[in-house]
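# Examination of the molecular architecture
Chain by chain, the residues:
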Amino acid sequence: MITAEISPPKGTDTSLMLRDCALLEDIVDAINVTDNQRAVMRLSPLAACSILQAKGLETIMHITCRDKNRLALQSDLIGAYSLGIRNVLVMTGDHTSKGDHEGAKPVYDLDSVQLLGMIRKLDQGFDLCGNELKGRTEFCSGAVTNTILNEAGLIKFRKKIKMGAIFFQTQAVFDVRDFAEFMEKTSEIRSRKVKIIAGIIPLRSQSSAHFLNSVPGIRVPDDMIRKMTDAKDPKAQGMKIAAGIIRELRTMCDGVHIMPIGNHENTRALLEMAGLL
Amino acid sequence: MIISRQKEFHDILQLLAEKNIFIIGCGKCAKKQHVGGEPEVKDMKKRLEAAGRNITGWTVLNSACSISSWKEVLSVNPEIERSDAILVMSCGGGVSVISGFAGIQVYPALDTESLGGVVCNEVVTEQCGMCGDCTIWLYGGICPVIQCAKGLLNGPCGGALEGKCEVDERLCAWDKIVERLKELKKLENLDKINEPKDHMKKGRVKT
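Worth saying up front: this structure is predicted, and the values here are computed from it rather than measured.

## Here we look at the interface of chain B and chain A
If you look at the interface, chain B gives 22 residues, while chain A gives 26 residues. Grouping the amino acids of the side of chain B that touches chain A by side-chain chemistry returns 13 nonpolar, five polar and four charged.

What follows is the structure in structure tokens.
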């Protein structure tokens, strides 16, 4: 399974988004569409997914708990299904104070565990309060996870599975040993049905490596940063590193998810380097 | 205890459009936090006078949010009736109660932040999320509704960096909850799937 992430535009001009999607069309199984990521306001993932589905692309719609209460979430989910969207990726969502509308009211009416449970109810033909739907949904629901999990994180991981997550997309992996540890730690909790898709971010420079190290749940090992520092062509080095990680992960999990910094112009080359195309 | 902080003096000055101002402090929470007791009221009087305002008088009520007789307040503080506005140095509860009686313009000198407490003389903020449906024992006595920046009821969000909340310098409430439940030997509490809160239980929608 290969998926790739795109961000809807900040505005109504979808041309760059569509150009990115055209680059991915025949090389990925599905395109992930983010939901106001980092709490920066953008075009809605529901609209973006709908546009892409109409072009015949398979999408995974991100849905966060930050911006909508239980009515709006359900309404959007039913709406998404009616527009052909079948895959959703549930997450809490970065806090409003981290984005470009700092003073916005953070909603979090539901948390990600409760949201997964609510989707399961919609799939069974009922809304959250048990009222019958005229036509149910049938979503493939996923959740996100860090690969470096403390006790509290592990408890939540377990709850997400209990409430119906059948795939997980992980935070970007740089240290394959960390990832192996994560797979080991969660092996008893997961059944074979639960698929793990590892996140991949090709490094672009030494500074991008340092920046990513300050992102929760990401750890770029020192030797990797050194390689980036010493590289004559840091972008090429970043691709080489990412391709190496993908090769190593292939036997460990069910798929990879490509989240480049910037656009997808190098995603095909990366997947070729990794032997996936 | 209701946690409040004083507004910026500049902002208070901007509020006070009227000429003759009476100041009311509060002998409960605001006094304990040193934002609305006698010293602070006197200081406010001094600063407002220095800024050219006429302060008709001041008092510190036993509790600004609990007034049994406004008549009695007026009889002890007749200057109130010669004032154009009242500046209240209490939480929003006190400002609201006094506004209901006063019949003249009432301004808040404080901003009300949260429901907290005092531990060994130290003010602790955000202890209760006032959800109207208390389940704090499930979390070892640490309220996730308010102590978790996102109010999450089923575990942490994954945004903490080295144990710190993604929002500010506070520690992740969920790490604290896990530690406390371990101490209490009740970690299994966290296996429970907690349902979304019933917001009908908040006082606000009941009235």
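## Some remarks on the pairing of strand S5 (residues 105–108) of chain B
Burial along S5(B) is one-sided: B:Val106 and B:Pro108 are buried, while B:Gln105 and B:Tyr107, pointing the other way, are not. For the segment spanning strand S4 (residues 85–89) of chain B, helix H5 (residues 92–102) of chain B and S5(B), crossover handedness is right-handed.

## Examining the sheet that holds strand S6 (residues 110–119) of chain B
By way of backbone hydrogen bonds, the strands of a sheet pair with one another, either parallel or antiparallel. Residue and element names in this part refer to chain B. As summarised here, the arrangement of the three strands in space is S1-S6-S7, forming an open sheet in which the pairing is antiparallel. Each edge of the open sheet is held by one strand with a lone partner, namely strand S1 (2–6) and strand S7 (122–128). Strand after strand, the sheet turns through a mean of 60 degrees between neighbouring axes, direction not considered. Relative to S6, S1 runs antiparallel, the two sharing five bridges. If you follow Gln6 over to S6, its bridge partner there is Leu110.

## Some thoughts on the sheet that holds strand S8 (residues 255–258) of chain A
All names here are of chain A. Pairing is parallel around the closed barrel formed by eight strands, whose spatial order is S1-S2-S3-S4-S5-S6-S7-S8. In this sheet, neighbouring strand axes are inclined to one another by 25 degrees on average, regardless of whether the strands run parallel or antiparallel. Sheet analysis places strand S1 (residues 2–6) next to S8, joined by three bridges and oriented parallel. By the bridge assignment, Ala4 is partnered in S8 with Ile258. The strands that helix H2 (residues 45–54) touches are strand S2 (30–33) and strand S3 (59–64); relative to S3, the one it contacts most, it runs at about 175 degrees.

## A look at the domain arrangement of chain B
When cut into domains, chain B gives domain 1 (2–113) and domain 2 (130–206). Relative to domain 2 of chain B, the C-alpha centre of domain 1 of chain B lies at a distance of 35 Å.

## A word on the confidence of the model for chain B
Confidence along chain B averages 95 in pLDDT terms, with 98% of residues attaining 70 or more. The ipTM value of the predicted complex is 0.94, and its pTM value is 0.95.

## Some points on the environment of A:Ile218
All names here are of chain A. By the secondary structure assignment, Ile218 is in the loop between helix H7 (206–213) and helix H8 (222–230). Among the residues examined, Ile218 registers 22 C-beta atoms within 10 Å and is labelled buried. A sequence separation of 30 residues divides Ile218 from Glu188, and the C-alpha atoms of the two residues are 23 Å apart. Those residues in contact with Ile218, other than ones at most four positions away along the chain, are Gln171, Ala172, Phe174, Leu212 and Asn213.

## Topic: the pairing of S7(B)
Residue and element names in this part refer to chain B. Pairing geometry for S6 and S7, over four bridges, is antiparallel. Along S7, the bridge assignment pairs Gly117 with Val124. Between S6 and S7, which pair antiparallel one after the other, the connecting turn spans two residues, and Cys120 there sits at a positive phi close to 50 degrees.

Reading the values: the criteria
Residues numbered from 1 in each chain as written. Chains lettered and ligands numbered in written order. Predicted model: local features only at pLDDT ≥ 70, side-chain atom pairs only at ≥ 80, totals over all residues. Contact = placed C-beta atoms within 7 Å. Nonpolar A, V, L, I, M, F, W, Y, C, P; charged D, E, K, R; others polar. Buried ≥ 20, exposed ≤ 12 C-beta atoms within 10 Å, placed from the backbone. Helix = DSSP H or I, 4+ residues; strand = E, 2+ residues; numbered from the N terminus. Right-handed = clockwise from strand over helix to strand, strands pointing away. Pairing = 2+ DSSP bridges. Axes fitted to C-alpha atoms, helices over the stretch in contact; angles between N-to-C directions. Domains from an automatic or database assignment. pLDDT = per-residue confidence, 0-100.

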